[in-house]
Amino acid sequence: MSNKKNNPEIRVKVKDAIELISEIFQAKACSDYEAKTIAERLCGSNLKGHDSHGIVRVPRYVEWMERDWVFPNIESELVIDAGALACLDAKQGFGQVAGERAVDEGIARAKKHGVSVVGLKNSGHLGRIGDWAERAADAGFVSFHFVNVRGSLLVAPFGGTDRRGSTSPLAIGIPSKGKEHIILDMATSTVAEGKVMVAQKGGKPLPQGALIDSLGNLTINPEVMYGKISDDEVPDSENGSGAITAFGLHKGSGINFMMEMLGGALTGSGVSAGIDDKEKRKFANGMLSIYISVEKMVDLDYFSKEVQSYADFVRASPASDKNGKVLIPGDKEIITNNDRLANGLPVAPIVWENIKQTAEKLNVKNLFRFKEAIN
Ligand code: NAD
């Protein structure tokens, strides 16, 4: 087992991963549409290089269903319907489906009013937040997405040593006519929690300073988050006493704090934790999104030209590393996507094995259909 953990060379066909994961969620009573949407969006994260928000999550999602933290086949309810302002309650349904609905609501309202603000509360895991900025950009809208994670305490504030906040992602999307959209998509912690899971499973190691132990020492050892666990155990952050650091010193810590205010308090979803809490809050993503119609704001051709001109100007900066290249937000995801579409998803062997074990427990048949390639 440990040998497999250290071998990062398995490639999985995207088609196989979608098929297997769809069957897992169908076996958990999700509709065919929901199961396929979950599978496609998880694989989409791997394609973009965000393995942390990809198929590694499958056993954890199944476990969350078993704990009643997320329910199948829930339709989000429109709880505020006030022109440019709306709010949806996902009622602990899957974020992959609730996220699509929320973005479509925002686009429809911004088409009418030029701008819209849409809250989404009590959502199951929304996955890679860049997905939602991309969906809006596909329709020609600039969008901002401020997200918190209720019930998930993982991040130490600047100057602190224990968990007081969530990894709270922020995404901003700029549509680009005839070119790839420009998407900034980032956790406001030094790394997303999933990256710690990936490192724990033998994948990419963490960057220096990503974690802090309870004594205040910076480290990259995932054990401080999950304790010592065996290969087939699902990492559980309840079992560690360390924290992920907030990104960008005091300024990043401030942005991380504001995600709780916007995604948590303002949407009505709730912040990650409060001072008087007697028990842990139930896991949910809260997302406050703003959509702006580019064509109602500025001439479209002018906007596209300015966007591309500035993007190229920045990319042309001489690289500090002689083998490197200056990238703008979203470039890395585009490069990774092209490679993985052609060559399959690189997955730590233990991750693929854990998914197959989950499938086996749910009586998914003929698992031999899914053959990974060892490079
Ligand atoms: P990251 O650090 O890999 O990338 C962050 C941003 O930096 C991206 O926009 C990327 O394009 C850009 N970037 C990467 N390398 C670059 C380079 N060399 N030069 C210039 N720009 C570069 O991302 P992350 O912070 O680890 O987040 C990973 C994912 O986790 C995101 O998709 C995020 O939405 C997701 N997330 C989700 C939740 C949730 O609760 N749903 C919570 C936290 C994070």
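Refer to the structure presented above.
Residues numbered from 1 in each chain as written. Predicted model: local features only at pLDDT ≥ 70, side-chain atom pairs only at ≥ 80, totals over all residues. Heavy atoms only, no water.

Pairing geometry for strand 2 (residues 77-82) and strand 3 (residues 85-89), over five bridges, is antiparallel. The partner of Asp81 across the bridge, within strand 3, is Ala86. Hairpin connection between strand 2 and strand 3: a loop of two residues separates the two successive antiparallel strands, and Gly83 in this loop has a positive phi of roughly 70°. (Pairing = 2+ DSSP bridges. Helix = DSSP H or I, 4+ residues; strand = E, 2+ residues; numbered from the N terminus.)

Running from amino to carboxyl end, helix 3 (residues 32-47) crosses helix 5 (residues 95-113) at an angle of 90°, the nearest separation of the two axes being 8 Å. It follows that helix 3 is roughly perpendicular to helix 5 by the angle criterion. Between helix 3 and helix 5, the residues in contact are Tyr33, Glu34, Thr37, Ile38, Arg41 and Leu42 and Gln96, Val97 and Glu100, respectively. Residues of the contact of helix 3 with helix 5, tallied by class, amount to four nonpolar, two polar and three charged. (Axes fitted to C-alpha atoms, helices over the stretch in contact; angles between N-to-C directions. Parallel < 35°, antiparallel > 145°, perpendicular 65-115°, else oblique. Contact = heavy atoms within 4.5 Å. Nonpolar A, V, L, I, M, F, W, Y, C, P; charged D, E, K, R; others polar.)

Taken together, the neighbourhood of the ligand is formed by 22 residues, with Asp185, Ala187, Lys195, Gly330 and Glu333 sitting nearest. Within the side chain of His125, a nitrogen or oxygen atom sits 3.4 Å from a nitrogen atom of the ligand. Look at the ligand: alone it shows 860 Å² of surface, and the protein chains cover 80% of it. Residue assignment for the shell around the ligand shows that the elements contributing at least two residues are strand 8 (182-186) and helix 12 (331-343). With four residues, the single largest contributor to the shell around the ligand is strand 8. Across the shell around the ligand, the residue classes tally to ten nonpolar, seven polar and five charged. (Near = heavy atom within 4 Å. Polar contact = N/O pair within 3.5 Å; in protein donor to acceptor, adjacent residues only side chain to side chain. Areas by Shrake-Rupley, 256 points an atom, 1.4 Å probe, with all protein chains shown as cover.)

Another point: the side chain of Ser143. With respect to the helices and strands, the residue Ser143 is situated in strand 5 (residues 141-150). Residue Ser143 is classed as buried on the basis of its relative accessible area of 0%. Of note is the side chain of Ser143, whose polar atom sits 2.7 Å from the side chain of His145. (Buried < 20%, exposed > 50% of the residue type's maximum accessible area, 1.4 Å probe, protein only.)

This part covers the environment of Lys28. Mapped onto the fold, Lys28 is located in the loop between helix 2 (14-27) and helix 3. Residues Lys28 and Met65, 37 residues apart in the sequence, show an inter-C-alpha distance of 8.2 Å. If sequence neighbours within four positions are ignored, Lys28 has contacts with Val62, Met65, Glu66, Pro72 and Leu362. In this structure the side chain of Lys28 is engaged in a polar contact, spanning 3.0 Å, whose partner is the side chain of Glu66.

Glancing now at the sheet that holds strand 10 (residues 218-219). An order of 6-11-9-10 is seen for the four strands of this open sheet, with the pairing classed as mixed. The outermost strands of the open sheet, each flanked by one partner alone, are strand 6 (155-156) and strand 10. Taken together, the two bridges between strand 6 and strand 11 (residues 243-245) define a ladder with parallel strand orientation. For Val155, the partnering residue across the bridge sits in strand 11 and is Ile244.

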